[in-house]
Amino acid sequence: MTDIILQLVQIRKSFGDTTVLDGLDLSVRRGEFITLLGPSGCGKTTTLRIIAGLEIPDSGQVILEGKDVTYDEPNKRNVNMVFQNYALFPHMNVEQNISYSLRLRRVDKATIRKTVEEALELVQLEGFEKRMPNELSGGQQQRVAIARAIVNQPAILLLDEPLGALDLQLRRQMQMELKRLQKRLGVTFIYITHDQEEALNMSDRIAVMRNGQFEQIGTPAEVYSRPKTSYVARFVGSANILTGTITGVNGKLARFENHNGIAYISAQDAPVTAGQKVTIAVRGEMVKLTPEYLDHPERPGHPEQPDHPQYPDQPEHPDHPEHLHHPEYPDHPKHIDRREHLEHLAGLRAVVKDKTFAGGVLQVTLELSDGSEMVSKLHGIDLPFAPGDRVIASWEPENAVLVDLEETA
Amino acid sequence: MKRPSSVPMISGKSGGNAGLSGKEDPDGRHMPGEETTQSVRTGPKAAAEAPRTKRTKRRIDAATLTVTPLYAFTLLFVAGPLIYMLVLSFLKRAEIWGIIHEFTVENYLKILEPVYLKTFWESLKLAGITTLLVTLTGYPFGYFMAKLNAKWKQRVMLLLMIPFWTSSLIRLYGWIIIFRANGTLDRLLMWLGITDAPLKVLYTYPAVAVGMVYALVPFMIFAVYSSAEKLDWQLVEAARDLGATPFQAFWTVSFRLTLPGLLSGVVLTFIPSMGLFFIADILGGNKVVLVGNLIHEQLMKARNWPFAAALSVVLMVLTSLMIAFYRRISGVKELEGLL
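Residues numbered from 1 in each chain as written. Chains lettered and ligands numbered in written order. Predicted model: local features only at pLDDT ≥ 70, side-chain atom pairs only at ≥ 80, totals over all residues. Heavy atoms only, no water.

## Quick word on the packing of aromatic side chains
What the rule picks out here adds up to 22 aromatic pairs over all chains. Taking 5.4 Å as the distance between ring centres and 40 degrees as the angle between the ring planes, the aromatic pair formed by A:F33 and A:F189 counts as tilted. Here A:F33 is found in strand β3 (residues 33-37), whereas its partner A:F189 is found in strand β8 (residues 188-193), with 156 residues between them in sequence. No difference in accessibility class separates A:F33 from A:F189, as the two residues are buried. Summarising the aromatic geometry, the rings of B:Y143 and B:F144 are spaced 5.4 Å apart at their centres and angled 85 degrees between planes, so their arrangement reads as edge-to-face. Put simply, the rings of B:Y139, B:Y143, B:F144, B:W233, B:F247, B:F250, B:W251 and B:F255 pair up and form one aromatic cluster. (Phe/Tyr/Trp six-rings, centres within 6.5 Å; stacked < 30°, edge-to-face > 60°. Helix = DSSP H or I, 4+ residues; strand = E, 2+ residues; numbered from the N terminus. Buried < 20%, exposed > 50% of the residue type's maximum accessible area, 1.4 Å probe, protein only.)

## Section: the packing of helix α8 (residues 205-229) of chain B against helix α11 (residues 277-284) of chain B
Residues and elements named next belong to chain B. It is the contact of α8 with α11, at a shortest axis distance of 9 Å, that shows an interaxial angle of 140 degrees. With respect to their mutual orientation, α8 and α11 come out oblique. In terms of crossing hand, the pair formed by α8 and α11 is right-handed. Between α8, through A207, V208, G211, M212 and A215, and α11, the contact on the second element is made entirely by I279, A280, L283 and G284. For the contact of α8 with α11, the per-class residue count stands at seven nonpolar, two polar and no charged. (Axes fitted to C-alpha atoms, helices over the stretch in contact; angles between N-to-C directions. Parallel < 35°, antiparallel > 145°, perpendicular 65-115°, else oblique. Left-handed = near helix turned anticlockwise from the far one by under 90°. Contact = heavy atoms within 4.5 Å. Nonpolar A, V, L, I, M, F, W, Y, C, P; charged D, E, K, R; others polar.)

## Quick notes on the packing of helix α4 (residues 114-145) of chain B against helix α10 (residues 246-275) of chain B
Residues and elements named next belong to chain B. Axis separation between α4 and α10 bottoms out at 9 Å; the angle between their running directions is 140 degrees. The angle between the axes of α4 and α10 places the two elements in the oblique class. Relative to α10, the crossing made by α4 is right-handed. Together, S123, L124, A127, G128, T130, T131, V134, T135, Y139 and Y143 of α4 and F250, S254, F255, T258, L262, V266, T269, F270, S273 and M274 of α10 make up the contact between the two elements.

## A closer look at the pairing of strand β16 (residues 347-358) of chain A
All names here are of chain A. Pairing of β16 with strand β19 (residues 390-394) involves four bridges; the strand directions are antiparallel. Bridge pairing in β19 links V351 to R390. Relative to strand β17 (residues 361-367), β16 is paired through seven bridges, and the arrangement is antiparallel. Note on β17: the bridge partner recorded for F357 is L362. The hairpin turn running from β16 into β17, its antiparallel successor, is two residues long, and G359 in that turn takes a positive phi close to 55 degrees. (Pairing = 2+ DSSP bridges.)

## A short note on empty space enclosed by the protein
All names here are of chain A. Following the criterion strictly, the structure yields two cavities of 30 Å³ or more and no others. In this structure, the second largest cavity occupies an estimated 60 Å³ of space. Every residue along the wall of the second largest cavity is listed here: L122, V123, R143, I146, M174, E177, L178, R180 and L181. For the lining of the second largest cavity, the elements supplying multiple residues, two or more each, are α5 (138-150) and α6 (168-185). The dominant element in the lining of the second largest cavity, judged by the number of residues it contributes, is α6, at five residues. By residue class, the composition of the lining of the second largest cavity is six nonpolar, no polar and three charged. (1 Å grid on protein atoms, 1.4 Å probe; cavity = no way out; pocket = protein on both sides within 12 Å on 5 of 7 lines; lining within 4 Å. Points joined across faces, edges and corners; volume = space filled by probe spheres on them.)

## Some details on the sheet that holds strand β10 (residues 213-218) of chain A
By definition, the strands of a sheet pair up through backbone hydrogen bonds, in either a parallel or an antiparallel sense. Residue and element names in this part refer to chain A. One open sheet holds the six strands; their spatial order is β6-β7-β8-β3-β9-β10, and the pairing between them is mixed. Edge strands, defined here as strands with exactly one partner in the open sheet, are β6 (79-82) and β10. Averaged over all adjacent pairs, the angle separating strand axes in this sheet is 20 degrees, with direction ignored. The strands touched by α5 within the sheet are β6 and β7 (156-160), with β6 carrying the most contacts at an inclination of about 175 degrees.

## Here's the deal with the confidence of the model for chain A
Residues and elements named next belong to chain A. Of the residues in chain A, 85% have a pLDDT of 70 or more, and the chain-wide mean is 82. Counting contacts from residues 301-312, a segment whose pLDDT is below 50, to residues more than four positions away or on other chains yields 36 contacts. Note on residues 321-344: pLDDT under 50 across the span, and 44 contacts to partners over four residues away in sequence or across chains. (pLDDT = per-residue confidence, 0-100.)

## Concerning the side chain of B:S227
As for its position among the elements, B:S227 is in helix α8. Engagement of the side chain of B:S227 in a polar contact is seen with the backbone nitrogen of B:G261, the distance being 3.5 Å. (Polar contact = N/O pair within 3.5 Å; in protein donor to acceptor, adjacent residues only side chain to side chain.)

## Quick look at the sheet that holds strand β4 (residues 59-64) of chain A
Residue and element names in this part refer to chain A. Here four strands make up an open sheet; going across it, the order is β2-β1-β4-β5 and the pairing antiparallel. The open sheet has two edge strands with one neighbour each: β2 (18-29) and β5 (67-68). As defined by bridge partners, strand β1 (residues 4-15) adjoins β2 across nine bridges and the pair is classed as antiparallel. By the bridge assignment for β2, Q7 is matched with S27. Against the sheet, helix α1 (residues 44-52) makes contact with β1, β2 and β4, and its axis sits at roughly 120 degrees relative to β1, the strand it touches most.

## Quick word on the pattern of salt bridges
All names here are of chain A. Evaluated as defined, the whole model comprises 23 salt bridges over all chains. The residue K353 makes a salt bridge to E373 at a minimum N-O spacing of 2.4 Å. With K353 in strand β16 and E373 in strand β18 (residues 373-379), this pair connects stretches of sequence that are 20 residues apart. The exposure class of K353 is partly exposed, given its relative accessible area of 41%. The class of E373 is partly exposed, set by a relative accessible area of 44%. (Salt bridge = Lys/Arg side-chain N within 4 Å of Asp/Glu carboxyl O.)

## What about the interface of chain B and chain A?
With 19 residues of chain B in contact, the opposing surface of chain A contributes 23 residues. For the pairing of chain B and chain A, the buried interface totals around 1,700 Å² over both sides, and the portion due to carbon and sulfur atoms is 57%. Considering only the surface of chain B that becomes buried against chain A, B:R240, B:D241 and B:L242 emerge as the three largest contributors, covering 40% of it. One can count two salt bridges joining chain B with chain A. As a salt-bridge pair, B:R240 and A:E73 come within 2.3 Å of each other at their nearest N and O atoms. Remark: the boundary between chain B and chain A carries eight residue pairs in polar contact (both at pLDDT 80 or more). Those elements that place two or more of their residues in the side of chain B that touches chain A are α9 (233-241) and α10 of chain B. (Buried area = accessible area lost by both parts, 1.4 Å probe.)

## Quick word on the environment of A:N399
Positionally, A:N399 belongs in the loop between β19 and β20 (400-403). In this structure the C-alpha to C-alpha distance between A:N399 and A:M81, which are 318 residues apart in sequence, comes to 39 Å.

## Here we look at α1(A)
It helps to recall that an α-helix has 3.6 residues per turn; residues three or four apart then point in one direction. Residues and elements named next belong to chain A. Within α1, eight of the nine residues are buried, which leaves it mostly tucked inside the rest of the structure. Looking at α1, one finds that the buried residues are K44, T46, T47, L48, R49, I50, I51 and A52. Looking at the residues trailing α1, positive phi occurs at G53, about 95 degrees.

This is the structure:
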């Protein structure tokens, strides 16, 4: 049974002429870690502010724990926010900052002291009670902001890019700590970030936002490996986006063709028909490169290389040219010799433009004939590709994902 | 007196100012072989005893050259008159003109006479009332002005600045037109049916108070505005998010953080309102006598310079104590743009 703690129904909001949120729907389950992921200006902070009550939507509803709180004041809502720049009160010390909400509720002093102590222990800042915010490092301020937000035991904790101002190493560490904290407290986290890696690392679910709408909501694995749109594919893990035409379908496999060559994609997830124009997304790390040297033994389709049994280019395959006896079929053996035939085998022709090392991965940027770029991420250092080399880029059919299918669906 | 903490070094400029450097050293150090006659040295004695190379000596000469005019100016026009006034206050007045160079504390004892004490008390009272009224009007004005968008901030700022293009004395005469019997105010009130006879506000205590508030409220507005301008409104949102009502958020966060501005506004209001004698003169007739009027009178009409000096010294001490007191009770170390 899923217990929905928060529901956003058709939220719309504009500032002046700019529509920031355009009919947003979201259901958040109790205890989950959900991340709103999107570039700056996509409306994620506004969404958070509407949940917190700092902003009132033009239309739509915010339902918190079954109650419509759309027009409730922020102090009447059982949610707390960790602001991007922490927003610690500069005139109060750590203890006073953390106990602020408790003091407003006139909680007795002994309880306040105990709660503050526990909160500081939770964020590993014991002994910092009397420090002023300007005497703390960024990471410490961050922890105080979190402690301040959780002492109220909110139903939902809203975090607005809380790690944005920290350096990479601290950010990694805080990611782990936040996740640990969320598990320990069991509090629902709604987390905002523009960093896809952060979102993938921490979230139970990711909601990818674009122009005030959600493009896709799903688990990190779903969003990463089965992006629904080219936008999601590009934003999460910067996949290669290719457009082309389906030139043949055979059960599970479809042949994808554009002026760079032919590739095969899985046709299992979405039905495609021959002649259909499609967009596919392929992750850089799934793209294999082979030198465009026809006799290279590693080249797919090379006579010494056992071809994929399901590829239509296999002689025993019903789609194979040899089975298509129409004499005008361009791949027909009568028209081309084996060498030329190889040109038509799986892979897109490209030229190596640049290569860089990034974290143990060789990132090869390829230029396709139409000037567009493609990236291949390869493991290993001693790879024989230099700028200017002609290569063939290929991938396993199941690693290419059809995206942007709204119009055909 | 404030000393610049760093002084630009102009090395290689051998102007040969050895003579000057002996008199004026920016760091307040004793130059070797120099007999200091100045009583206002404040700087710590740095390692002046260390033997200097020719090069460093030349640098200091250049540095000295740079700041000398500043110090000369300050000494001449700030410290000088103050010391002169202090000395003057302990001297006797001559029968008809000038002063007799004879030590006395008579001038200070004279202030303790009830009539003068009363003047001080009246001044403090009026300054207090003025400050209160200025705070009540200027604080909200400055606070909300900081919340306006950039365009409106500019417009409001311009409106506030325009009156300063005219002499404050001339603007004060404008109030006479408003306040005098059958003036603008009386006619307006009668036309509205609120009163049926002229109020004759001019030459009354309220007229002086209004004049004071009018003259001083811009300073409060600017002080509060510059403080509120720096306020991070997200802190108010954070307070609201943590359960504060709008008023609680204002009181615990915005007010506390704009307190330096408010307090410097108070200082900027309170001190001048003790001394703005011409407002009391023009709008109060002879009915309202402030310390400022008293000093003015003693100096210009009674020609009792030593007494005027003594009054001024007491006024200065009083206001200094006031500022120290404000700082103590507020716990605010830095007043906005002041001290």
